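The chain contents come next:
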Amino acid sequence: MPDNKMIEEINRRRTFAIISHPDAGKTTLTEKLLLYGGAITLAGSVKGKKTDRHAVSDWMEIEKQRGISVTSSVMQFEYEGCCINILDTPGHQDFSEDTYRTLMAVDSAVMVIDAAKGVENQTRKLFKVCVMRHIPIFTFINKLDRDSRNPFDLLTQIEDELGIATCPMNWPIGNGVDFKGVYDRNSRKVISYTANGGQREVESVEAEPGDPCLDSLIGEANHRQLSEDIELLDGASDELDLERVAKGELSPVFFGSALNNFGVEPFLEGFLKMTSPPLPRVSDKGIIEPTEDVFSAFVFKIQANMNKAHRDRLTFMRVCSGKFTRDMEVSHVQGGNKKMRLSQPQQIMAQEREIINEAYAGDIIGVFDPGIFSIGDTICTPGHEFKFEGIPTFAPEHFARIRHKDTMKRKQFVKGATQIAQEGAIQIFREPDSGMEEVIVGVVGMLQFDVFEHRMSTEYNVEIINEGLPYQYIRWIDNEGIDPKKLNLSSDTKIVQDFKGNYLLLFTSEWNIRWALEKNEGLLLSEFNKN
Ligand code: G4P
């Protein structure tokens, strides 16, 4: 018997991530969206200067210090009948793995681009990760109130660099001090805005191009330019094709200024019309539809010590099907189908936590985790067990030998390194037959070393010594029962073990990998851990 209320709730869910280069305006846009949903009362008050108040979605110490978003947080709000879940992502390429995991938990992504800078170096990798996932990507080109690049050039850059077609939904009129608003290509009307210091109400005047009133409203030159641009666009740009959007091949593009509320609400409305309710997911027992009666979820993020006062570990799950109710019994598939009740299920809004009684497919819940879950685990209704497709781990590209300064702190050192590794922020290895006095840490981006060091010091009270190692490539040895010490390896190749006991090799160059394969017949190396 289908539960209509449940289906209705699921269909009104929209779950997406926002990605951007640091400073492109992701936080500001997020705040404006929350403001429309009434989730916060006055955007702008949440984020003042970097030195005093901080945005609701930025909470970790190091994020404040560096002004970057290191970890993802989740926000939920209501807008015109939709229940919207926004997942924030780190804006730095060194955390692209975290972004990738977050993207596994959403149904679409919004990419924020600074109109003066276009696609930026650091974010190329993040955006590519997004394209790799084939999820629908919506683009918000921000800061039109500042001097901006030519909008046609911006679109060409997105298309060329990211390999995704674009379809502008609106078109900017002027930029910088001369920014007058946007032309909405669907209603074929000009919407002119007045900045109003971040308040919700926006003054807008609507008129079609060609209307003489536009000469005075946006200026003759802007009016002329707009008419030319529109003619060009109508003739040359890609048609809005929702099927291509759904496959991640075509990105609808919106222009605006988050800070001044130019084009934010039209963006939200347009986006909500085009993005889909929760999508089906692939499992080892076939496709799982979100509206199935069976509850299921998967773990995409683990974070310890989010709030120092709580000293706990939270596991974030994306609900993929059915309804979750507090105190319901669930089965942890990767934990040998162990039955359990999820402890203190909660929704997180930056530092605020709220215990929830129910959640539906599309929602993200955080649960208190005594250390039993791993990234990619499936949780579902007992008796209906299956596994969702796994989340791949990125191969680390930077390595360092890490020791604790103070030998009295061994216990904390082991605890900290292990917990942070379980979160997936770092990978830890050790030399064969060595203890835990020192470990070899591998990361995807160098900044993760800083985060690791900072967290070891602030959360575990351990000062560490970090000695950089020259390795750049990692390979697991797939041959069963092989003794790696008997392998013929170049002198700068290192044998290490992961914490499951699997052997790996660290190489300084691709040349050395080839050498190992040539000199050791039958040797099987893989870039990913298959166990
Ligand atoms: P991020 O999360 O992507 O890193 O960017 P964030 O929203 O923090 O925005 C970065 C800066 O850009 C902020 O300045 C913000 O006010 C500004 N900004 C965002 N949207 C717009 C826009 O549409 N127009 C203009 N002109 N500026 C915008 P800030 O952090 O306040 O810097 P500061 O002034 O405090 O040093």
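In the block above lies the structure referred to throughout.
Sequence order sets the numbering: in each chain, residues are counted from 1 along the sequence as written. The predicted nature of this model means local features are confined to residues of pLDDT at least 70 and side-chain atom pairs, given and counted, to a pLDDT of 80 or more, with totals for whole chains, interfaces and linings taken over all residues. Calculated side-chain values reflect all of the structure's heavy atoms, with hydrogen atoms and water omitted.

**Regarding helix 1 (residues 4–11)**
Thought 1: Here the term buried applies to any residue with accessible area under 20% of the maximum for its type, exposed to any over 50%, and partly exposed to those in between, with areas from a 1.4 Å probe on protein chains only. Only DSSP runs of H or I reaching four residues or more are called helices, and only runs of E reaching two or more are called strands; each is numbered from the N terminus. Three or more residues of helix 1 are buried, namely M6, E9 and I10. Looking straight down helix 1, one finds its buried side chains confined to an arc of 95°; they lie on one side. Turned more than 90 degrees away from the buried face of helix 1 sit N4 and E8, all of them exposed.
Thought 2: Here, residues are in contact when the closest pair of their heavy atoms is within 4.5 Å. Those residues of helix 1 that are buried lie in contact with strand 1 (13–20), strand 16 (323–325) and strand 21 (358–360).
Thought 3: Polar contact is the term for a pair of N or O atoms within 3.5 Å; when the atoms are in protein, one must be able to donate a hydrogen and the other to accept it, and sequence-neighboring residues count only if both atoms are side-chain atoms. If you check the start of helix 1, you find a side-chain oxygen 3.1 Å away from the backbone N of K5, and it comes from D3. It is the directions from the helix axis to the C-beta atoms that the arc portrays.

**Looking at the site of the ligand**
Thought 1: Residues in contact with the ligand amount to 20 residues; listed here are only the nearest, D23, T27, T28, D145 and S257.
Thought 2: A distance of 3.3 Å separates an oxygen atom of the ligand from a polar backbone atom of A24.
Thought 3: Take K26: an N or O atom from its main chain is 2.8 Å from an oxygen atom of the ligand.
Thought 4: Using the Shrake-Rupley algorithm and a 1.4 Å probe, accessible areas are obtained, with residue cover drawn only from the displayed protein chains. Considered on its own, the ligand offers 700 Å² of accessible surface; in the complex 81% of this is hidden by protein.
Thought 5: Top contributing element to the shell around the ligand by residue count: helix 2 (residues 26–36), with three residues.
Thought 6: As a working rule, the residues Ala, Val, Leu, Ile, Met, Phe, Trp, Tyr, Cys and Pro are called nonpolar, Asp, Glu, Lys and Arg charged, and the rest polar, with Gly in that last group. When the residues that make up the shell around the ligand are grouped by side-chain class, the tally is four nonpolar, eight polar and eight charged. If a single non-hydrogen atom of a residue is within 4 Å of a molecule or strand, that residue counts as near it.

**Some words on the sheet that holds strand 28 (residues 473–477)**
Thought 1: Reading across the sheet, the four strands line up as 29-30-28-31 and stay open at both edges, with antiparallel pairing between neighbours. Two strands lie at the open edges of the sheet, namely strand 29 (494–497) and strand 31 (525–526), each paired on one side alone.
Thought 2: The criterion for strand pairing is that DSSP finds at least two bridges linking the strands in question. With four bridges connecting them, strand 29 and strand 30 (residues 503–507) associate as antiparallel partners. Paired with V496 across the two strands is L504, which belongs to strand 30.

**Focus: the pairing of strand 22 (residues 364–368)**
Thought 1: Within strand 22, four of the five residues are buried, which leaves the element mostly enclosed by the surrounding structure.
Thought 2: Across five bridges, the pairing between strand 15 (residues 313–321) and strand 22 is antiparallel. Paired with F316 across the strands is G366, a residue of strand 22.

**Section: the packing of helix 11 (residues 410–422) against helix 12 (residues 447–460)**
Thought 1: Note on geometry: axes are lines fitted to C-alpha atoms, helical ones only across the stretch in contact, with angles between N-to-C directions running from 0 to 180 degrees. One way to put it is that helix 11 packs onto helix 12 with a least axis distance of 10 Å and a crossing angle of 125°. Accordingly, the angle class assigned to the pair helix 11 and helix 12 is oblique. Between helix 11 and helix 12 lies a crossing of right-handed hand. Across the interface between the two elements, Q412, F413, K415, G416, A417, Q419 and I420 from helix 11 touch F452, R455, M456 and Y460 from helix 12.
Thought 2: Split by residue class, the contact of helix 11 with helix 12 holds six nonpolar, three polar and two charged. If an angle is under 35 degrees, it is roughly parallel; if it is over 145, roughly antiparallel; if it lies from 65 to 115, roughly perpendicular; otherwise it is oblique. Crossing handedness is defined as follows: a turn of the near helix away from the far one that is anticlockwise and smaller than a right angle gives a left-handed crossing, while the clockwise case is right-handed.

**Regarding the pattern of salt bridges**
Thought 1: One speaks of a salt bridge when a side-chain nitrogen belonging to Lys or Arg is within 4 Å of a carboxyl oxygen belonging to Asp or Glu. Here the structure, examined in full by the defined rule, presents 26 salt bridges.
Thought 2: R403 is the salt-bridge partner of E467, the closest N and O atoms lying 3.8 Å from each other. Taken together, the residues span a long stretch of sequence, with E467 in strand 27 (residues 464–469) and R403 in strand 24 (residues 398–404) at a distance of 64 residues.
Thought 3: Using a relative accessible area of 34% as the deciding quantity, one classes E467 as partly exposed.

**Description of the packing of aromatic side chains**
Thought 1: Stacked, edge-to-face and tilted are the three classes for Phe, Tyr and Trp ring pairs, Trp counted by its six-membered ring, which pair at centre distances within 6.5 Å; planes under 30 degrees apart are stacked, over 60 edge-to-face, the rest tilted. All chains considered together, the criterion is met by 14 aromatic pairs.
Thought 2: Seen in terms of ring centroids, F152 and W171 are 4.7 Å apart; in terms of plane orientation they differ by 50°. Their pairing is tilted. With F152 in helix 6 (residues 151–162) and W171 in strand 7 (residues 170–173), this residue pair connects regions lying 19 residues apart in the sequence.
Thought 3: On the accessibility criterion, W171 (0% relative accessible area) is buried.
Thought 4: Pairwise contacts between aromatic rings join F16, F138, F140, F254, F267 and F271 into one cluster.

**Some points on the nonpolar core**
As a rule of thumb, nonpolar side chains are buried together in soluble globular proteins.
Thought 1: We define a nonpolar core as any set of buried Ala, Val, Leu, Ile, Met, Phe, Trp, Tyr and Cys residues linked to one another through side-chain atoms lying within 4.5 Å. In this structure, I141 and F255 are the most contacted members of the largest nonpolar core, which totals 56 residues.
Thought 2: When residues in this core are grouped by element, the largest group, five residues, is from helix 5 (residues 121–132).
Thought 3: Leave out the neighbours within four places in its chain, and I141 touches I113, A115, L154, L155, I158, V253, F254, F255 and G256.
Thought 4: If you look at the next biggest cluster of nonpolar residues, it comprises 30 residues, including C82, I84, M169 and V264.

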